[in-house]
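# Breakdown of the fold
Chain residues, written in single-letter form:
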Amino acid sequence: MRKLIWAAASIAALTGALALTGPASAQSPIIIKFSHVVATDTPKGKAAEKFKELAEKYTAGKVKVEVYPNSTLYKDKEELEALQLGSVQMLAPSNSKFGPLGIREFEVFDLPYILPDLKTLRKVTEGPLGLKLLKLLDSKGITGLAYWDNGFKQMSANKKLVTPADYQGVKFRIQSSRVLQAQFKALGSLPQVMAFSEVYQALQTGVVDGQENTWSNIYTQKMHEVQKYITETDHGYIGYVVIVNKKFWDDLPADIRDQLAKAMKEATDFNNAQSQKENDDALAEIKKSGKSEIIKLTPEQDDAMRKAMEPVYKDAASRIGQPLIDEFQKEAKSTTN
Ligand code: LMR
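These figures come from a predicted structure and were not determined experimentally.

### Some thoughts on helix 12 (residues 311–320)
Inspection of helix 12 places Val312, Ala316, Ala317 and Ile320 among the buried residues, and these make up the whole buried set. The arc enclosing the buried residues of helix 12, seen along the axis, measures out at 135°, which places them on a common side. Turned more than 90 degrees off the buried face of helix 12, the exposed positions are Lys314 and Ser318. Contacts from the buried residues of helix 12 go to helix 6 (178–186), helix 11 (299–309) and helix 13 (322–333). Gly321 lies just past helix 12 and shows a positive phi near 90°.

In structure tokens form, the structure reads like this:
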């Protein structure tokens, strides 16, 4: 068995090494496999396609980008391992996925109600803290290229979720994040880590009762068809870091890397200009389908939810440190960038 694992690892490493060596001749393009877990018709899905279009155009065909949406290549956890091995070159995992990799600082994005809107988010990601967080990825053989928005999360379940008491004993699917675990524990719910690709079926079969996600993810995964209620909480944020295998990136010819960086910059602007609309449109479609009842909270009910989730900050501070949370909040409030 050990030999088998060793052989598999060697083949994977060899495949990675071959992919890293670049073009064998002028005719064979450099291949960038870009894997992600969501549908093409989402902010991330569309931005990945935009990057492909621009990257191939700017490099005049010297680079070919193969986009694999919907976990067709890898599921959540596997994709980061594959990137580190070099079996895939580019990913855009959510911020929540970096904690399990040992880069706990990204947990700060998961804190409930830490971001009131996308404009505030931008101050952080485009400021010194955003850059500092990207740099932390270097130590894992990863280069962080950009931040891509999705949007704010809503709570869905087969029961009405209005007050914090309604969350008691409800089983929720979560991403693998200690903050999200603490968030649902604070509400008395039972959080269960699960890959994104498995959520629909888990909701359908009752393995879990509910989940939290953005409108675009809920709609494109058809979660609204198996959830009676969705509460508009906007309690947390889902966004992505576009990452590449560091060695692959560093070994690219400088002119190609420059063109890819240019394509990434434009794909990022494209993503961040359309993510809000993608989510608004998905909400409109969910409403039109009539499959889920959308619940709006009163300001008092919203306050009660915020209060119930306050303990999550203390729990997070014990792992990522209060100074980081303070720095995040300070940059979010700044008026300079
Ligand atoms: C999730 O796992 O719920 C999301 O992070 C999926 C994604 O990439 O948007």
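### Describing the site of the ligand
Residues in contact with the ligand, as listed here, are Val37, Val38, Lys44, Ser94, Lys97, Arg173, Gln175, Phe196, Asn213, Asn217 and Tyr240. Take Ser94: an N or O atom from its side chain is 3.4 Å from an oxygen atom of the ligand. For the ligand, the protein covers 99% of the area, taking 270 Å² as the surface of the free molecule. Taking a 2 Å distance to the grid points as the criterion, the majority of the atoms of the ligand fall inside the largest cavity. Taken together, the residues that form the shell around the ligand break down as four nonpolar, four polar and three charged. Shared between two domains, the shell around the ligand holds at least three residues of each, these being domain 1 (2–149 + 239–279) and domain 2 (154–236 + 284–336).

### Topic: the environment of His235
Within the secondary structure, His235 is located in the loop between strand 9 (229–232) and strand 10 (237–245). Note on His235: relative accessible area 1%, which makes it buried. His235 has contacts with Leu111, Pro112, Tyr113, Lys153, Gln154, Met155, Gln183, Glu212 and Met309, leaving out every residue within four places of it along the chain.

### Observations regarding the packing of aromatic side chains
Under the definition given, this model contains nine aromatic pairs. A ring pair is formed by Phe34 and Phe51, whose centres lie 6.5 Å apart and whose planes are at 70°; its orientation type is edge-to-face. With Phe34 in strand 1 (residues 30–35) and Phe51 in helix 2 (residues 43–58), this residue pair connects regions lying 17 residues apart in the sequence. By the burial criterion, Phe34 is buried, and Phe51 matches it. Taken together, the ring pairs connect Phe98, Phe106, Phe109, Tyr147 and Phe328 into an aromatic cluster. Across the ring face of Phe270, the terminal group of Lys50 is positioned such that the distance to the ring centre comes to 5.1 Å. Over the aromatic face of Tyr58 sits the side chain of Lys262, whose NZ or CZ is 4.0 Å from the ring centroid.

### Observations concerning the sheet that holds strand 4 (residues 142–152)
In spatial order, the strands read 2-1-3-10-4; together these five strands make up an open sheet with mixed pairing. Only two strands of the sheet have a single neighbouring strand rather than two, namely strand 2 (63–68) and strand 4. Relative to strand 2, strand 1 runs parallel, the two sharing six bridges. Each bridged residue has a counterpart across the sheet, and for Ile32 the counterpart in strand 2 is Val65. Across the sheet, helix 2 is in contact with strand 1, strand 2, strand 3 (90–91), strand 4 and strand 10; its angle to strand 2 comes to roughly 165°.

### Description of the domain arrangement of the protein
Examined at the domain level, the protein breaks down into domain 1 (2–149 + 239–279) and domain 2 (154–236 + 284–336). Relative placement of domain 1 and domain 2: their C-alpha centres are 25 Å apart. With 35 residues of domain 1 in contact, the opposing surface of domain 2 contributes 40 residues. When domain 1 packs against domain 2, the two sides together hide about 3200 Å² of surface, and 60% of this comes from carbon and sulfur.

### Considerations on the sheet that holds strand 6 (residues 171–174)
Overall, mixed pairing links the six strands, which are arranged 7-6-8-5-9-11 in an open sheet. Of all strands in the sheet, those bounded by a partner on one side alone are strand 7 (190–193) and strand 11 (293–296). Adjacent strand axes in the sheet meet at a mean angle of 25° when their direction is disregarded. Sheet analysis places strand 5 (residues 154–157) next to strand 9, joined by three bridges and oriented antiparallel. Along strand 9, the bridge assignment pairs Ser156 with Ile230.

### Focus on the pattern of salt bridges
On inspection of all chains with the given rule, the structure shows 22 salt bridges. A salt bridge links Lys296 to Glu232; the nearest nitrogen and oxygen atoms lie 3.2 Å apart. Here Lys296 is found in strand 11, whereas its partner Glu232 is found in strand 9, with 64 residues between them in sequence. With a shortest N-O distance of 2.9 Å, Arg306 and Asp302 are connected by a salt bridge. Taken as a pair, Arg306 and Asp302 lie in helix 11 at a separation of four residues, close to a single helical turn. What you see here is one network of salt bridges that share partners, running through Arg104, Glu107, Asp315 and Arg319.

### Examining the packing of helix 6 against helix 12
Between helix 6 and helix 12, the shortest axis-to-axis distance is 9 Å and the interhelical angle comes to 150°. In terms of their interaxial angle, helix 6 and helix 12 are classed as roughly antiparallel. Helix-helix and strand crossings are classified by hand; for helix 6 and helix 12 the assignment is right-handed. For the pair helix 6 and helix 12, the contacting residues are Arg178, Val179, Ala182, Gln183 and Ala186 in the first and Val312, Asp315, Ala316 and Arg319 in the second.

Calculation notes
- Counting of residues starts from 1 at the beginning of each chain's written sequence and follows it residue by residue.
- With the structure being a predicted model, the display of local features is reserved for residues of pLDDT at least 70 and the display and counting of side-chain atom pairs for 80 or more, all residues being used for whole-chain, interface and lining totals.
- For side-chain calculations, the full set of non-hydrogen atoms in the structure is used, while hydrogens and water are omitted.
- Three labels apply to residues, based on accessible area from a 1.4 Å probe with only protein chains included: buried if under 20% of the type maximum, exposed if over 50%, partly exposed otherwise in between.
- For helices the rule is a DSSP run of H or I covering at least 4 residues; for strands it is a run of E covering at least 2, with both sets numbered from the N terminus onward.
- What the arc covers is the set of directions going from the helix axis to the C-beta atoms.
- Any two residues whose heavy atoms approach within 4.5 Å at even a single point are treated as in contact.
- We call a residue near a molecule or strand as soon as one heavy atom of that residue lies within 4 Å of the molecule or strand.
- Within 3.5 Å is the distance limit for a polar contact, defined as a pair of N or O atoms, with the added protein rule that one can donate a hydrogen and the other accept it, and that residues adjacent in sequence qualify only through two side-chain atoms.
- Accessible surface area values rest on a Shrake-Rupley calculation with a 1.4 Å probe, where residue burial reflects the displayed protein chains alone.
- Every definition here rests on a 1 Å grid over the protein atoms only: cavities are sets of points where a 1.4 Å probe fits but cannot get out, pockets are open sets enclosed by protein on both sides within 12 Å along at least five of seven lines, and lining residues have some atom within 4 Å of a point.
- More than half of a molecule's atoms within 2 Å of the grid points is what it takes for that molecule to sit in a cavity or pocket.
- Three classes are used, and their members are as follows: Ala, Val, Leu, Ile, Met, Phe, Trp, Tyr, Cys and Pro are nonpolar, Asp, Glu, Lys and Arg are charged, and the others, Gly among them, are polar.
- Where a domain begins and ends is set by an automatic assignment or by a domain database.
- Here a pair means two rings of Phe, Tyr or Trp (six-membered ring of Trp) with centres within 6.5 Å. Their orientation is stacked below 30 degrees between planes, edge-to-face above 60, and tilted elsewhere.
- The criterion for a charge sitting over a ring is simple: Lys NZ or Arg CZ within 6 Å of the ring centre, and within 35 degrees of the ring normal.
- At least two DSSP bridges between two strands are needed for those strands to be called paired.
- For helices, the fitted line uses only the C-alpha atoms of the stretch in contact; every axis is such a line through C-alpha atoms, and the angle between N-to-C directions lies from 0 to 180 degrees.
- Summed over both partners, the accessible surface that disappears when two parts come together, traced with a 1.4 Å probe, is what is meant by buried area.
- We define a salt bridge as a side-chain nitrogen of Lys or Arg found within 4 Å of a carboxyl oxygen belonging to Asp or Glu.
- For classification purposes, angles smaller than 35 degrees are called roughly parallel, those larger than 145 roughly antiparallel, those between 65 and 115 roughly perpendicular, and all remaining angles oblique.
- For any pair of crossing helices, the crossing counts as left-handed if the nearer helix is rotated counterclockwise from the farther one by less than a right angle, and right-handed if it is rotated clockwise.

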